[in-house]
Amino acid sequence: MKKSFPGIQTFFLQFNAQFQIISMTEIFFREYLKLMAKRESFATAIVVQHGTPISGKAGDKAIIRNDGQLYGWIGGGCTNGIVIEEGMAAMSSGESKLIVIDPEEQKAEIAGVKHFNMNCHSGGSLSVYIEPVFPRPLIVVMGNSPVAKSLLRFSSELGYQTIWAVDSLLKDKKFAVDKVMEGFDLKDINLSSPCFIIICTQGESDMEALEAALETSVDYLAFVGSRRKTNFLKNELSEIGISQEKLEKVVNPAGMDLNARTPAEIALSILAEIVKIHRNEKPSINEFHPEQKLDFIDPICGMKVNTDDTKHFIKYKEKDYYFCCKGCKTKFEKNPEHYLITSRI
């Protein structure tokens, strides 16, 4: 006869549950840091309240990428579709939100809270806080002039991501910059919005820096120098085939008119202009192509289902039907005509 050790069994059950929580939390933070490093927009979803029976628990968290993929755990198939859709909407609007998913019919919306019906037969309720996360503003400074160094110092103080591009690598790396690169080729750099390029070469490789910067598409491209020098460079670049449309995007004089004199004052005026542009623009979801995603309405619960991701689908009368979870699929299989008629009403 085998001996029973309830204490040990309980320990291992608790350990396994705790291990799963740690693993999902680790996945969340790893993905968060990876996407931040890649300068990709995403949204976070954190469960702040739950009502049984439901698999999601307070503190569960997930990331919604800008292609609609979900990483982490938020409560299973009955809630994932709603969370993904609201995460995508938060990235578009730039605004955080609290959503409540429960079986109770909500007659009036509460300010700041968006309500959804829990249509899955298991029931339960879930409150999820969704917040969009966007890349830090990226400041690319070209050149090794006093204005360039002041720009790098001030940008770091503002919490902006910084890249220092110089024609040859410097021994002096005392500045708190995120990346120092040799040369001005930015083809391998993610310059997703918000991104700002300032050329401060001061006579050292002006043409090379400006030509490379004009190959990019950024929110702001400024050349620090006199109008005369800027016009001369533009004419030279026009003669080698750079379009007038691109050349007109070069901002000169660079910065707001603060009657700046010193390199630090000039840098301050440039950053003031960048802050004004950045704060007046709506956030963009970089690298997001909505046409890549196909949605289908679950005929049982009415939830939008991503046809690329769901594992629950069947073919009925030569047509494909997709479901948010196994429960909805099973329900449909028992009486498909009933649910097809109901869905048309």
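This one's a predicted model, so the numbers in the text were calculated from it and none came from an experiment. (Residues numbered from 1 in each chain as written. Predicted model: local features only at pLDDT ≥ 70, side-chain atom pairs only at ≥ 80, totals over all residues. Heavy atoms only, no water.)

1. A closer look at the overall build of the chain
Okay, step 1: Regarding its fold elements, the chain presents 9 helices and 16 strands.
Okay, step 2: In the chain, which comprises 345 residues, the proportion classed as buried is 42%.
Okay, step 3: At a minimum sequence separation of 6, the contacts of the chain that also span at least 24 residues come to 57%.
Okay, step 4: Carbon and sulfur atoms provide 53% of the accessible area of the chain, an area that totals close to 19,700 Å². (Helix = DSSP H or I, 4+ residues; strand = E, 2+ residues; numbered from the N terminus. Buried < 20%, exposed > 50% of the residue type's maximum accessible area, 1.4 Å probe, protein only. Contact = heavy atoms within 4.5 Å. Areas by Shrake-Rupley, 256 points an atom, 1.4 Å probe, with all protein chains shown as cover.)

2. Quick word on the sheet that holds strand β6 (residues 125-133)
Okay, step 1: What the 6 strands build is an open sheet, ordered β3-β2-β1-β6-β4-β5; its pairing is mixed. Single-partner strands in this sheet number two, and they are β3 (70-72) and β5 (113-117). The mean inter-strand angle of the sheet, taken between neighbouring strand axes irrespective of direction, is 25°.
Okay, step 2: Bridge analysis of strand β2 (residues 61-65) against β3 gives 3 bridges, and the strand direction is antiparallel. By the bridge assignment for β3, I63 is matched with Y71. (Pairing = 2+ DSSP bridges. Axes fitted to C-alpha atoms, helices over the stretch in contact; angles between N-to-C directions.)

3. So, the packing of helix α4 (residues 206-213) against helix α5 (residues 227-239)
Okay, step 1: As a packed pair, α4 and α5 sit with axes 11 Å apart at the nearest point and diverge in direction by 65°. The orientation of α4 relative to α5 falls into the category roughly perpendicular. α4 and α5 meet at a crossing whose hand is right-handed. Residues D206, M207, L210 and E211 of α4 form the contact with α5, whose own contacting residues are K229, L233, E236 and L237.
Okay, step 2: Of the residues in the contact of α4 with α5, the class split is 4 nonpolar, no polar and 4 charged. (Parallel < 35°, antiparallel > 145°, perpendicular 65-115°, else oblique. Left-handed = near helix turned anticlockwise from the far one by under 90°. Nonpolar A, V, L, I, M, F, W, Y, C, P; charged D, E, K, R; others polar.)

4. Notes on the packing of aromatic side chains
Okay, step 1: A complete count under the given rule lists 8 aromatic pairs for this structure.
Okay, step 2: For the ring pair F28 and Y32, a centre distance of 6.2 Å and an interplane angle of 40° mean the geometry is tilted. Within this pair, F28 and its partner Y32 are both found in helix α1 (residues 6-38), separated by 4 residues, close to a single helical turn.
Okay, step 3: Looking at F28, the relative accessible area reads 4%, which means it is buried.
Okay, step 4: On the basis of relative accessible area, Y32 is assigned to the partly exposed category, the value being 26%.
Okay, step 5: Ring plane angle 35° and centroid distance 5.7 Å describe the contact between F313 and Y322, whose orientation is recorded as tilted.
Okay, step 6: Residue classification places F313 among the partly exposed residues on the basis of a relative accessible area of 43%.
Okay, step 7: Through a chain of ring-to-ring contacts, three or more aromatic side chains come together here, namely F28, F29, Y32 and F42.
Okay, step 8: The ring of F28 has K61 sitting right over it, with the charged end atom 6.0 Å from the ring centre. (Phe/Tyr/Trp six-rings, centres within 6.5 Å; stacked < 30°, edge-to-face > 60°. Lys NZ or Arg CZ within 6 Å of the ring centre and 35° of its normal.)

5. Remarks on the confidence of the model for the chain
Okay, step 1: Across the chain, the average pLDDT comes to 81, with 78% of residues at 70 or higher.
Okay, step 2: Residue range residues 11-19 is modelled with pLDDT below 50. Its contacts to residues more than four positions away, or to other chains, number 0 contacts. (pLDDT = per-residue confidence, 0-100.)

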